[in-house]
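Below, each chain spelled out in residue letters.
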Amino acid sequence: MHKKFDSGEIEKKWQAIWKESGIYNVGERDLTKPKSYVLVEWPYPSGNLHIGHWYAFAVPDIYARYKRMTGHQVLYPMGFDAFGLPAENAAIKRNLNPKDWTYENMAFMREQLERMGNMFSWDKTTNSTDQDYYKWTQWMFTQFFEKGIAYRGKGIVNWCPGCNTAVANEQVLADGTCERSGDMIEKREMPQWMMKITDYADRLIDDLDTVAWPEHIKEAQRQWIGRSKGAKINFTLSTGDVVTVFTTRPDTLFGATYLVLAPEHPLLSKSEVRGETSNLADVDVYVKSATQKDEQDRLDATKEKTGVKLDAVFATNPASGEQIPVYVADYVLGGYGTGAIMAVPAHDERDYAFATKFELPVKCVTLAREIISQMNITTNPNERDGYSILLEKYKNGEGFHPGYGTLINSGEFDGMDSEEAQEKIVAKVGGEMTSTYRLRDWSIGRQRYWGVPIPIVYSPEGEAHIVPKEHLPWVLPEDVDFKPTGVAPLAKSEALKKRTEEIFGAGWTPEVETMDTFVDSSWYFLRYLDNKNEGGLASLEAQKEWMPIDMYFGGAEHTTMHLLYSRFWQKALFDLGLVTESEPYKQRVNHGMILGPDGNKMSKSKGNVVDPDAQVALVGADTVKIYLAFMGPYADSSYPWDFGGIAGVRRFLERVYGLVDHIGDSEPTELTRQLHKTIAKVGTDILEFKYNTAISAMMILVNLAEKGSITKASYELFVRILAPFAPHLTEEIWTQLGHTSSVHAETFPVADMTLAIDETVVIGVQINGKLRGNITIAPDATEGEALNAVQDNPLLQEKLLSGTLKKVIYVPGRILNLLLQ
RNA sequence: GCUGCGGUGGCGGAAUGGUAGACGCAAUGGACUCAAAAUCCAUCGAUCGCAAGGUCAUGAGAGUUCGAGUCUCUCCCGCAGCACCA
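Predicted model, so just to flag it, every value in this text is computed and none were measured. (Residues numbered from 1 in each chain as written. Chains lettered and ligands numbered in written order. Predicted model: local features only at pLDDT ≥ 70, side-chain atom pairs only at ≥ 80, totals over all residues. Heavy atoms only, no water.)

1. Overview of the pattern of salt bridges
Evaluation of the coordinates by the stated rule reveals 37 salt bridges. The closest approach of N and O atoms between R655 and E706, which form a salt bridge, is 3.1 Å. Pair noted here: R655 is in helix α22 (residues 643-658) and E706 is in helix α24 (residues 691-707), with a separation of 51 residues, a long-range link. Taking relative accessible area as the criterion, E706 reaches 27% and is therefore assigned partly exposed. D685 is the salt-bridge partner of K681, the closest N and O atoms lying 3.0 Å from each other. Placement of the pair is K681 and D685 together in helix α23 (residues 669-687), with a separation of 4 residues, close to one helical turn. (Salt bridge = Lys/Arg side-chain N within 4 Å of Asp/Glu carboxyl O. Helix = DSSP H or I, 4+ residues; strand = E, 2+ residues; numbered from the N terminus. Buried < 20%, exposed > 50% of the residue type's maximum accessible area, 1.4 Å probe, protein only.)

2. Some thoughts on the pairing of strand β28 (residues 770-777)
As defined by bridge partners, strand β27 (residues 761-767) adjoins β28 across 7 bridges and the pair is classed as antiparallel. Bridging from a neighbouring strand, I763 pairs with I775 of β28. (Pairing = 2+ DSSP bridges.)

3. Points about the packing of helix α21 (residues 621-630) against α22
As a packed pair, α21 and α22 sit with axes 9 Å apart at the nearest point and diverge in direction by 120 degrees. Classified by the angle between their axes, α21 and α22 sit oblique to one another. Once α21 is placed against α22, the crossing between them reads as right-handed. Of α22, the residues touching α21 (which contributes D622, T623, V624, I626, Y627 and F630) are G645, I646, V649, R650 and L653. For the contact of α21 with α22, the class distribution of residues is 7 nonpolar, 2 polar and 2 charged. (Axes fitted to C-alpha atoms, helices over the stretch in contact; angles between N-to-C directions. Parallel < 35°, antiparallel > 145°, perpendicular 65-115°, else oblique. Left-handed = near helix turned anticlockwise from the far one by under 90°. Contact = heavy atoms within 4.5 Å. Nonpolar A, V, L, I, M, F, W, Y, C, P; charged D, E, K, R; others polar.)

4. Some points on the sheet that holds strand β17 (residues 456-458)
Ordered in space as β18-β17-β19, the 3 strands form an open sheet in which the pairing is antiparallel. With one partner strand each, in any of the chains shown, β18 (464-466) and β19 (509-510) form the two edges of the open sheet. Across 2 bridges, β17 lies against β19 in antiparallel orientation. Pairing of V457 across the sheet is with P510, part of β19. Against the sheet, helix α5 (residues 131-146) makes contact with β17 and β18, and its axis sits at roughly 130 degrees relative to β18, the strand it touches most.

5. Some words on the side chain of Q766
With respect to the element layout, Q766 can be found in strand β27. Within the local environment of Q766, its side chain forms a polar contact with the side chain of N817, the two groups lying 3.4 Å apart. With near-sequence residues (within four places) excluded, Q766 lies in contact with L771, R772, I815, L816, N817 and L818. (Polar contact = N/O pair within 3.5 Å; in protein donor to acceptor, adjacent residues only side chain to side chain.)

6. Things to note about unusual backbone geometry
Between L472 and P473 the backbone carries a cis peptide bond, its omega angle lying at 0 degrees. Within the fold, P473 resides in the loop between β18 and α15 (494-504). With an omega of -5 degrees, the peptide bond between M547 and P548 qualifies as cis. Look at N95: it is not a glycine, yet its phi comes out positive at around 60 degrees.

7. Describing the pairing of strand β21 (residues 551-555)
Counting buried residues in β21 gives 5 out of 5 residues, a clear majority hidden from the surface. The pairing of strand β1 (residues 35-40) with β21 spans 3 bridges and is parallel. Its bridge partner being in β21, V38 is matched across the sheet by M551. Following the backbone out of β21, through helix α19 (residues 561-575) and into the adjacent parallel strand β22 (residues 588-591), one traces a crossover that is right-handed. (Right-handed = clockwise from strand over helix to strand, strands pointing away.)

8. What to know about the environment of W734
In this structure, W734 sits in helix α26 (residues 727-736). Sequence-wise, W734 and L722 are 12 residues apart; in three dimensions their C-alpha atoms are separated by 11 Å. Among all residues touching W734, those that are not within four sequence positions of it are E716, V719, R720, H739, S741, S742, V743 and E746.

9. A short note on the nonpolar core
Counting 86 residues, the largest nonpolar core has F553, L628, Y691, F718, L722 and F725 as the members making the most contacts within it. Broken down by element, this core gets its largest block of residues, 12 residues, from helix α2 (residues 51-69). When neighbours within four sequence positions are excluded, L628 is seen to be in contact with I51, W54, Y55, V59, I594 and W641. The next biggest cluster of nonpolar side chains, apart from the first, holds 78 residues, and it includes Y37, F144, Y437 and F504. (Core = buried A, V, L, I, M, F, W, Y, C linked by side-chain atoms within 4.5 Å.)

10. Things to note about the layout of surface pockets
The gaps of empty space that remain are located by a probe, the size of a water molecule, rolled over the atoms. By volume, the second largest pocket amounts to about 360 Å³. Contributing elements (two or more residues each) for the lining of the second largest pocket: α1 (7-21) and α4 (98-114). When residues in the lining of the second largest pocket are grouped by element, the largest group, 5 residues, is from α1. Class assignment for the residues of the lining of the second largest pocket results in 8 nonpolar, 5 polar and 6 charged. (1 Å grid on protein atoms, 1.4 Å probe; cavity = no way out; pocket = protein on both sides within 12 Å on 5 of 7 lines; lining within 4 Å. Points joined across faces, edges and corners; volume = space filled by probe spheres on them.)

11. A look at the environment of V332
Relative to the assigned elements, V332 resides in the loop between β10 (323-328) and β11 (340-343). The spacing of V332 and D661 is 329 residues in sequence and 76 Å in space, taken between C-alpha atoms.

12. Topic: the confidence of the model for chain A
Mean pLDDT over chain A stands at 89; residues scoring 70 or higher make up 93%. Between the elements of chain A, mean pLDDT differs from a low of 61, seen in helix α10 (residues 295-298), to a high of 98, seen in strand β2 (residues 73-75). Scored as a complex, the prediction yields pTM 0.91 and ipTM 0.94. (pLDDT = per-residue confidence, 0-100.)

13. Things to note about the packing of aromatic side chains
One pass over the full model with this rule turns up 44 aromatic pairs. An angle of 75 degrees between the planes, with centres 5.2 Å apart, marks the rings of Y200 and F568 as edge-to-face. Note that Y200 is positioned in the loop between β5 (186-195) and α6 (201-206) and F568 in helix α19, a separation of 368 residues in sequence. Overall, the relative accessible area of 7% leaves Y200 in the buried class. The interplanar angle of 70 degrees and the centroid separation of 5.9 Å between the aromatic rings of Y258 and Y327 together place this pair among those described as edge-to-face. Of the two residues, Y258 is situated in strand β8 (residues 258-261) and Y327 in strand β10; the sequence distance between them amounts to 69 residues. The same class applies to Y258 and to Y327, which are both buried. (Phe/Tyr/Trp six-rings, centres within 6.5 Å; stacked < 30°, edge-to-face > 60°.)

14. Considering the sheet that holds strand β30 (residues 815-820)
Sheet architecture is open: 4 strands sit in the order β28-β27-β30-β29, paired in mixed fashion. The open sheet has two free edges, formed respectively by β28 and β29 (805-811), since each of these has just one partner strand. The sheet shows a mean angle of 20 degrees between the axes of neighbouring strands, taken without regard to direction. Across the face of the sheet, helix α27 (residues 783-791) comes into contact with β27, β28, β29 and β30 while running at roughly 110 degrees to β28.

15. Digging into the environment of G27
As for its position among the elements, G27 is in the loop between α1 and β1. When its relative accessible area of 30% is taken as the criterion, G27 is described as partly exposed. Expressed as a C-alpha distance, the spacing of G27 and N118, which sit 91 residues apart in the sequence, is 17 Å. With near-sequence residues (within four places) excluded, G27 lies in contact with D123 and K124.

Right under this line is the structure:
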């Protein structure tokens, strides 16, 4: 008789043994085995593991363990993304040091993580706040600075006059005030440390074709980067100034009836352009209010278009030679394209809306294909349909149509197709075919304390210099009052000031900003490979052994930011010869969220938070893990917690344990068959992240085994396929079955498909496509045998009498469909 | 508005174009018990029928097919991201 299933005791025992034996440490690369680098996003040490962490780490552990059991040397590392604002806020609130708070949390969470029983490669761990880690974060920054990838640029920030500092978007309330001071937030252009991610935009899009990610994730990145192909075309103003516009439709150049500058456009600082007389005040007022407008307001497409005409100037359309007016309007953005557009109201909705309001001419230059193809060709005006009337209207400047088609009113290009005309028109006016992107450069400077100090010092002349390698890590000073006072906390450090002057000389000053934490997480997967390397971020040898990451599991919220930043970082390192791969992640899976029992996002205020520690204490880590895996496919969808459901999973494991009492000398053939089917199914399901159906198949097997007996050999095979899901319980059973080595050193069984073949199958019989009954036949029975089986079934036979058999469709093992006349 | 994903019992979900609802939960009835819990057995989409069996069912409507949850088109709804992007 087996012992009572005391999950707490069993788990505690095996965790201690595993830790002692170091069974999950990776050590040196074993070249006799293929490698598999399974990565999960490292957590922020908030102080407590929540269910989301369990979902993110325990379920992929099934995958990692399966890979391990199928002969791979698996790297499944874990660490902490430990810099960031919450530590600073918690420290202010409790009057602690952010470092102490962070390190205490990490120690506590590490214990919680160990109680999961995952096969984490703890010998490879690291964390972003470790000086050995951020030394290399800083060093990479200096390399990027030298290459011009990291640069001092200008960015727009949310400035709070009350706090006298820049604040993050999430600290700005819906009404545009600061959550701390309540003051109105202003937009202010400030010097910022930036990364030139835009230089990599094309590669970041094009290299997506080389990775095996799900298409929806690739598409999200493409959308985020937002590449538009088009042309830059110069328009000359009456003042002689040149305005470069970007357009995706250079083929409509002849239809450009006015020009629009963004309120931020640099030419507006020229008085000749702004105008000097009555118009000046209007322009100034408009520009001032538009540039101070809240971004939300300005981007509100439902609002009516606004703008002001620049009376002092006109522009010349380089294709038609026509003189056209110039406007300033905030529907054109300073930060996108060239900050100026040619307006073609006949073929663009926004231009049309603006032109209608300001009574500007609308000139149709394209007969859109869509309209022509649907038009009734007739000479009788009474028979003309809606489309041809529409066509007539829009040719006359009423309405717009954005589609491609045949050019008209376009000089020598008349009759040409839109696509064909693009390059030709651009060539004629001396423009340039080019792309523009929605993606902006990455601002990485933060006026915060708890982060990686930017390793830059300024000479007395104010010139930026890197902190050379021998002075790295450029240590975060501790003599800092990090309470918010409006000045970057590091500016208050005497130690940092002193250190800078001692090393670089009198009058030299340190940079006082720290880095965005997205920088830390842009390369952590490299440090795991070689976490003790003192001479570099990670040796090329270690990278050759382990990169690229074979499988990257993470949250859907990181699809664009983290995934894009780290891909960029990798490419920038690749160009410097510091890494071996230009794409870090071969495969990616996004998981969803675990919701509260009420179906809502878990939150303290809703009182629907499920505490994993309490669940583990109640039913054990194996049960919590399997329950999470059983909820549904591991994909980008969310599932509500169900206390009944987890109890069901616990019952399943108790039955698995209880099967010890069913071990016998023989077992039914049906059980052997089901076992081998299950072995095959579990393996393929794991690789497709369908843990739920894998578990379901194992439940079916256990239900069957309970009804009779199971041989010890079969039970052992079953225990081995369950091992990745329930590492503690299976280890316990394995030992009780008399083994002295770990079940986790076993291989994943290979199904013997000759034992999995069914002797008979029940298939449906349809008459004229409707299910009328079923027959039991051999899976490979011939059509004749199937029809004989129908003869033996009186009910089916009777139904067949209603007509004559015209056609038989027989799919062996699936369906028999009899078509009657 | 655009892009992506989805819509199947009371719930989570299952289903290479081939018997829709596997598996689990919840529920109901029964056994055991003084009782309850636990456990075990049975039932469990709707509807008609004493039954055998029939009819209707995968958001709505059409289409392709011997056969559609699955493929195509139109529409409705939900979720997520982005949004005056030239």
